[in-house]
Amino acid sequence: QHTFFGTNAYYYFFVLVVFHALATILFFRLFLYVTTYVNALIGALFFGFHPSLWCWFGWISAQSYHIECLILLSIILFFYLYFKEKRIIYFWISCLLFFHNLFLKEQSIFFPVWLLFALPFYNKIFSGSYFPKGSFLKNLFLSIPFFFSSIIYLGIRLFAMPFSSDTQTL
């Protein structure tokens, strides 16, 4: 951004608004899969114009949170598309976005755990039952690449910043 805009804060704010608007659109699209159009619109508008935005929305160093939110919603969208259309490319895009998101913000490391609890709801949407026959093993199998990505990330993080008295990373 500095290459394009220099130090003009208005353009940084504009980029922040664009990321938040894109996240709001993805939020609406994801809501649309599980609820009616009106409820999805209300949920997306609440997300887009949440009352707590006033205290941190112009905070330029918080751009990474907006980018993380956008990527996390994209991960969920691609995972949903995989579940819906059974195209493996959507699953791997979801995995790659997750791995990328780990290096952006570490909070998404809990996504595989969330996925284990969310997969029964995906099953309910597509098969009509929370736990169809064989779904537990399938759910576990689908979450393994995300857990594996988390382990790889933690290994890289430990290698780059080892725990020792010299590094003061504790």
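For the structure, check the block above.
Since this is a predicted model, take the numbers as computed values, not measurements.

1. Some details on a nonpolar patch on the surface
Piece 1. A surface patch of nonpolar side chains, amounting to about 840 Å² of accessible area, comprises Val113, Leu116, Phe117, Phe136, Leu137, Leu140, Phe141 and Ile144.
Piece 2. Positionally, phenylalanine 141 belongs in helix α7 (residues 135-160).
Piece 3. Look at phenylalanine 141 and you get exposed, because its relative accessible area is 61%.

2. Quick notes on helix α5 (residues 88-104)
Piece 1. Given a rise of 1.5 Å per residue, 17 residues ought to cover 24 Å, and the 25 Å separating the end C-alpha atoms of α5 matches this to within 8%.
Piece 2. Among the residues making up α5, those that are buried are Tyr90, Phe91, Ser94, Cys95, Phe98, Asn101 and Leu102. Looking down the long axis of α5, one finds its buried residues gathered within 140 degrees of arc, a one-sided arrangement.

3. Side note on the environment of alanine 62
Piece 1. With respect to the element layout, alanine 62 can be found in the loop between α3 (37-48) and α4 (63-85).
Piece 2. For the pair alanine 62 and leucine 16, spaced 46 residues apart in the sequence, the C-alpha separation amounts to 8.6 Å.

4. Focus on the nonpolar core
Piece 1. Phe79 and Phe146 are the most contacted members of the largest nonpolar core, which has 26 residues in total.
Piece 2. Among the secondary structure elements, those contributing two or more residues to this core are α2 (9-34), α4, α5, α6 (111-127) and α7.
Piece 3. Per-element accounting of this core gives the leading share, eleven residues, to α4.
Piece 4. Dropping the residues within four chain positions of it, phenylalanine 146 is found in contact with Ile75, Phe79, Phe91, Ser94, Cys95, Phe98, Phe111, Pro112 and Leu115.

Definitions and cut-offs
- Residues numbered from 1 in each chain as written.
- Predicted model: local features only at pLDDT ≥ 70, side-chain atom pairs only at ≥ 80, totals over all residues.
- Heavy atoms only, no water.
- Patch = residues over 30% accessible without salt bridge, like charges linked within 9 Å, V, L, I, M, F, W, Y side chains within 5 Å.
- Areas by Shrake-Rupley, 256 points an atom, 1.4 Å probe, with all protein chains shown as cover.
- Salt bridge = Lys/Arg side-chain N within 4 Å of Asp/Glu carboxyl O.
- Helix = DSSP H or I, 4+ residues; strand = E, 2+ residues; numbered from the N terminus.
- Buried < 20%, exposed > 50% of the residue type's maximum accessible area, 1.4 Å probe, protein only.
- Expected span 1.5 Å × (residues − 1).
- Arc of directions from axis to C-beta.
- Core = buried A, V, L, I, M, F, W, Y, C linked by side-chain atoms within 4.5 Å.
- Contact = heavy atoms within 4.5 Å.

Interpretation note: all reported values are geometric properties and have no functional meaning in isolation.
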